[in-house]
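# Residue-level structure breakdown
Residues per chain are reported as follows:
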Amino acid sequence: MRTRNPITRQRIVSLAPSATSILCAIGAQKLLVGVTKWCADVAPVGKLPKLGDCWHMESVEQILRLKPTLVIGSVPYKQETVAKLLEHPLNFLAMNPRTLSDIEADIRLLGGLTQRAAAASRLIEEMQREFAAIAKKSRRTKRGVRVYCEAWPNPRISSPPWVAELVKICGGEMVVPGGKSVTEQEVAAAQPEVIVLAWAATGDKPDPRKTYDVKAWRDVLAIRERRVHVVRDELLNTPGPPLVEGARALYKLLHPPNPLRGTR
């Protein structure tokens, strides 16, 4: 009697674009049976059913009909939404990385769960090589650029800690702690030379012109020199392979041919 490969019996619903991007990058995309509408921005999910996420779930029944063996979400999540999921006998994994090291641990975890540990290790090594190459170029500059990266405007929240690490790799310095609520006065006092807007779930839609109109920031160097830029949110807010492209985008912003040319 032929023994069926246990991998073929796995059915994963990913409610986290980061998990989806990792699974696809390590060759486990065939195990996916459902994803969120945001996953198509970071991974080749094709015509897989598009579900809600850990914040907005129209119907848990949509997930149950897919008969998943594992549902992957991410922190933060809406407690009421996850509570509805946990009312059913589902295996639920919530990913909550804070640093690049945490992200590597998540890649290893998903590689182990899908029996693709070797592919996971290769992905980690590839990302490390890309970051090292950017860091090598960045060391040519004499001084780190002071940077404020914003993940949300109201209330103002700075980009996650892994973005602060990317900024450092790119030859910059985050002037406020990563992943924290900050006031306009705190940002002004930190005097960033560059402001990067990467607002969650907004793509490239943030309007820098509104940033130039913030009264508390009129004397901030980034405002005076018109160095407010937009980076697509999925490139900085997806803790997985998309961060490589995010780091490249940050490097270009921090080391432009004309340092006085910002996004107007």
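This one's a predicted model, so the numbers in the text were calculated from it and none came from an experiment.

## Thoughts on the packing of helix α5 (residues 117-138) against helix α11 (residues 242-254)
It is the contact of α5 with α11, at a shortest axis distance of 10 Å, that shows an interaxial angle of 10 degrees. Viewed along their axes, α5 and α11 adopt a mutual orientation that is roughly parallel. The residues of α11 that touch α5, namely those facing Met127, Glu130, Phe131, Ile134, Lys137 and Ser138, are Leu243, Val244, Ala247, Arg248 and Tyr251. Broken down by class, the residue content of the contact of α5 with α11 amounts to seven nonpolar, one polar and three charged.

## So, the environment of Ala200
For Ala200, the location among the structural elements is in the loop between β9 (194-197) and α8 (208-212). Judged by relative accessible area, which is 33%, Ala200 ranks as partly exposed. For the pair Ala200 and Ala151, spaced 49 residues apart in the sequence, the C-alpha separation amounts to 5.8 Å. Once residues lying within four places of it in the same chain are set aside, the contact partners of Ala200 are Ala151, Trp152, Asp233 and Asn237.

## Let's talk about the sheet that holds strand β3 (residues 50-51)
Working definition: the strands of a sheet are paired by backbone hydrogen bonds and lie parallel or antiparallel to each other. Strand order in this open sheet of five strands is β3-β2-β1-β4-β5, and the pairing throughout is parallel. Because the sheet does not close on itself, it has two edges, and the strands there are β3 and β5 (92-95). By the bridge criterion, four bridges tie strand β4 (residues 70-74) to β5 in an arrangement that is parallel. Residue pairing for β5: Val71 is matched across the bridge by Phe92.

## Observations concerning the pairing of strand β2 (residues 32-36)
Burial of β2 is extensive: five of the five residues sit out of reach of the surface. Here strand β1 (residues 12-14) runs beside β2; their pairing, made up of two bridges, is parallel. The partner of Val13 across the bridge, within β2, is Gly34. As paired elements, β2 and β3 share two bridges and run parallel to each other. Paired with Val35 across the two strands is Lys50, which belongs to β3.

## Let's talk about the layout of surface pockets
Each pocket or cavity is described by its volume, and for the largest pocket that value is around 1,200 Å³. Every residue lining the largest pocket is counted, 35 residues in all, and those nearest its centre are Trp55, Ser74, Pro76, Ala200 and Asn237. Put simply, the parts of the chain that give the lining of the largest pocket at least two residues each are α1 (17-25), β6 (145-153), β7 (156-158) and α10 (233-237). In terms of residues, the lining of the largest pocket owes the most to one element, α10, which gives three residues. Taken together, the residues of the lining of the largest pocket sort by class into 19 nonpolar, ten polar and six charged.

## With respect to the environment of Leu197
Tracing the sequence through the fold places Leu197 in strand β9. Taking the C-alpha atoms as reference points, Leu197 and Val163, 34 residues apart in sequence, are found 12 Å from one another. Residue contacts for Leu197: discarding those within four places in its chain leaves Glu150, Pro206, Pro208, Thr211, Val228, His229, Val230 and Val231.

## A look at the environment of Ile72
With respect to the helices and strands, Ile72 occurs in strand β4. Sequence separation between Ile72 and Val13 is 59 residues; the distance between their C-alpha atoms is 6.3 Å. Ignoring anything within four residues of it in the chain, the contact list for Ile72 reads Ile12, Val13, Ser14, Leu15, Ala16, Ala19, Leu23, Leu93, Met95 and Leu110.

## With respect to the nonpolar core
Generally speaking, nonpolar side chains in soluble globular proteins are found buried as a group. Ranked by internal contacts, the top residues of the largest apolar core, which has 55 residues, are Ile72, Phe131, Leu166 and Val196. Considering each element in turn, this core owes the most residues, eight residues, to α5. Those residues in contact with Phe131 that lie beyond four places of it in its chain are Leu100, Leu166, Ile169, Leu243, Val244 and Ala247. Membership of the second largest hydrophobic core comes to 17 residues, among which are Val176, Ala190, Val220 and Ile223.

The rules behind each value
Residues numbered from 1 in each chain as written. Predicted model: local features only at pLDDT ≥ 70, side-chain atom pairs only at ≥ 80, totals over all residues. Heavy atoms only, no water. Axes fitted to C-alpha atoms, helices over the stretch in contact; angles between N-to-C directions. Helix = DSSP H or I, 4+ residues; strand = E, 2+ residues; numbered from the N terminus. Parallel < 35°, antiparallel > 145°, perpendicular 65-115°, else oblique. Contact = heavy atoms within 4.5 Å. Nonpolar A, V, L, I, M, F, W, Y, C, P; charged D, E, K, R; others polar. Buried < 20%, exposed > 50% of the residue type's maximum accessible area, 1.4 Å probe, protein only. Pairing = 2+ DSSP bridges. 1 Å grid on protein atoms, 1.4 Å probe; cavity = no way out; pocket = protein on both sides within 12 Å on 5 of 7 lines; lining within 4 Å. Points joined across faces, edges and corners; volume = space filled by probe spheres on them. Core = buried A, V, L, I, M, F, W, Y, C linked by side-chain atoms within 4.5 Å.

Structural measurements only, silent on function.
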